[in-house]
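These are the residues of each chain, in order.
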Amino acid sequence: MSEATPSPTVGVIVSHAELAAALVGAVRTISGVADALQSVSNEGCDPKSLADRIEAAIGGRPAVLFVDLPGGSCLSSAVRLSRGRGERAVVTGVNLAMLLDFVFHRDLSPTEAARRAVDAGARAIRTPAA
Amino acid sequence: MSLDLIRLDDRLIHGQVVIGWGQPLNVGFIVLVDDEVKNSAWEQDLYRMGVPPGIDVVFASIAEVARHLTEWTADPRPGILLVGDVDTLAGLIAAAGSGIHRINVGGVHHRPGRIERLRYVYLTDDEATKLRQLASNGVEVTAQDVPTARAVPIGEFL
């Protein structure tokens, strides 16, 4: 009997308003990868409802939770759901560059994928000469 | 009184509070009243992450409100006091005696059993009754998510 292949790491973007959905759409348009990311908005949610939405988006898979701001309701819920769970990691300050890197490295563990995404995202923040 | 905003908001410290209210009020400190958070170092770290340097955050239990309210109101810096649910708010008012006159309902979001009262205010009937009771005891209760919105009197949403 062969061992089951582990699920690839899923990226769950947790944001205010429609930012997460827009990022998922942008990644799909640029990369052609359609199944790597899920979007969750905190719109209209109390903390419990937001946690339920995130949990449903994770769907029992290893996950990196990409959060828009380094504080606030999205981060609080993401950290609560990930604390002490090695199969989940949290990244704040989500941007398109980190997501584009992530969708091609879903074979990594969530911790490794998160570190890599942070590096890719940080490298994209520059002030090019005008 | 330098506690400029006493706010019911189930997200506690988040963008609307720190940016939306914090910037125009030039807030110097935030008091978060929550018995669970008061006893959780990691949750306190989490809430501090969302606050810019220069704004102090105080974590307090309901029991500590009576002891410190005078000190907070005498603080010359503008301050915001936050609670996350109606029961904590009622406990806060009881503990404060006559020290709190005005409450901002800033955000109580949807969960099963709650009914929409405003776009950002969902309450069970029990929660609504408790808020009405506070108002009938002389506390001014209005709903307003951000400073640029209109403060909606309780009579218009309950």
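In this report, we go over the structure that sits alongside the text. (Residues numbered from 1 in each chain as written. Chains lettered and ligands numbered in written order. Predicted model: local features only at pLDDT ≥ 70, side-chain atom pairs only at ≥ 80, totals over all residues.)

Re the packing of helix α4 (residues 62-74) of chain B against helix α5 (residues 86-96) of chain B
When two helices pack together, their arrangement is given by the angle between the helix axes and by the axis-to-axis distance. Residue and element names in this part refer to chain B. Running from N to C, α4 and α5 cross one another at 35 degrees; their axes reach a closest spacing of 8 Å. By crossing handedness, the relation of α4 to α5 is classed as right-handed. Contact residues: α4 offers I62, V65, A66 and L69, while α5 offers T88, G91, L92, A95 and A96. Classifying every residue of the contact of α4 with α5 gives seven nonpolar, two polar and no charged. (Axes fitted to C-alpha atoms, helices over the stretch in contact; angles between N-to-C directions. Helix = DSSP H or I, 4+ residues; strand = E, 2+ residues; numbered from the N terminus. Left-handed = near helix turned anticlockwise from the far one by under 90°. Contact = placed C-beta atoms within 7 Å. Nonpolar A, V, L, I, M, F, W, Y, C, P; charged D, E, K, R; others polar.)

A word on the interface of chain A and chain B
Listed as interface residues are 15 residues of chain A and, on the opposing side, eleven residues of chain B. When residues of the side of chain A that touches chain B are traced back to their parent elements, those giving at least two are α2 (47-58) and α3 (73-82) of chain A. Ranked by the residues each element gives to the side of chain A that touches chain B, the list is headed by α3(A), at four residues. Residue composition of the side of chain A that touches chain B, by class: six nonpolar, seven polar and two charged.

Examining the sheet that holds strand β8 (residues 140-143) of chain B
Residue and element names in this part refer to chain B. Across the sheet, which stays open at both edges, the seven strands sit in the order β3-β2-β4-β1-β5-β8-β9 with mixed pairing between neighbours. The outermost strands of the open sheet, each flanked by one partner alone, are β3 (56-60) and β9 (152-153). Strand direction decides the pairing type here: strand β5 (residues 102-107) and β8, joined by four bridges, are parallel. Residue pairing for β8: I103 is matched across the bridge by V141. In this fold α5 packs onto β1 (3-9), β2 (29-33), β4 (79-83) and β5, with an angle of close to 125 degrees to the strand it touches most, β4. (Pairing = 2+ DSSP bridges.)

Focus: unusual backbone geometry
All names here are of chain B. Non-glycine residue L12 carries a positive phi angle of around 55 degrees. Positioned with a positive phi, N26 is a non-glycine residue whose angle comes to about 55 degrees. Position of N26 relative to the elements: it lies in the loop between α1 (15-25) and β2.

Here's the deal with the pairing of strand β1 (residues 10-15) of chain A
All names here are of chain A. Counting buried positions along β1 gives six out of six residues, so the element sits mostly inside the fold. Of the two faces of β1, the one lined by V10, V12 and V14 and the one lined by G11, I13 and S15 are each fully buried. Sheet topology places β1 next to strand β3 (residues 63-67); five bridges connect them, and they run parallel. When the sheet's bridge partners are listed, I13 is paired in β3 with F66. Strand direction decides the pairing type here: β1 and strand β2 (residues 37-41), joined by five bridges, are parallel. If you follow V12 over to β2, its bridge partner there is Q38. (Buried ≥ 20, exposed ≤ 12 C-beta atoms within 10 Å, placed from the backbone.)

Nothing here speaks to function; it is geometry throughout.
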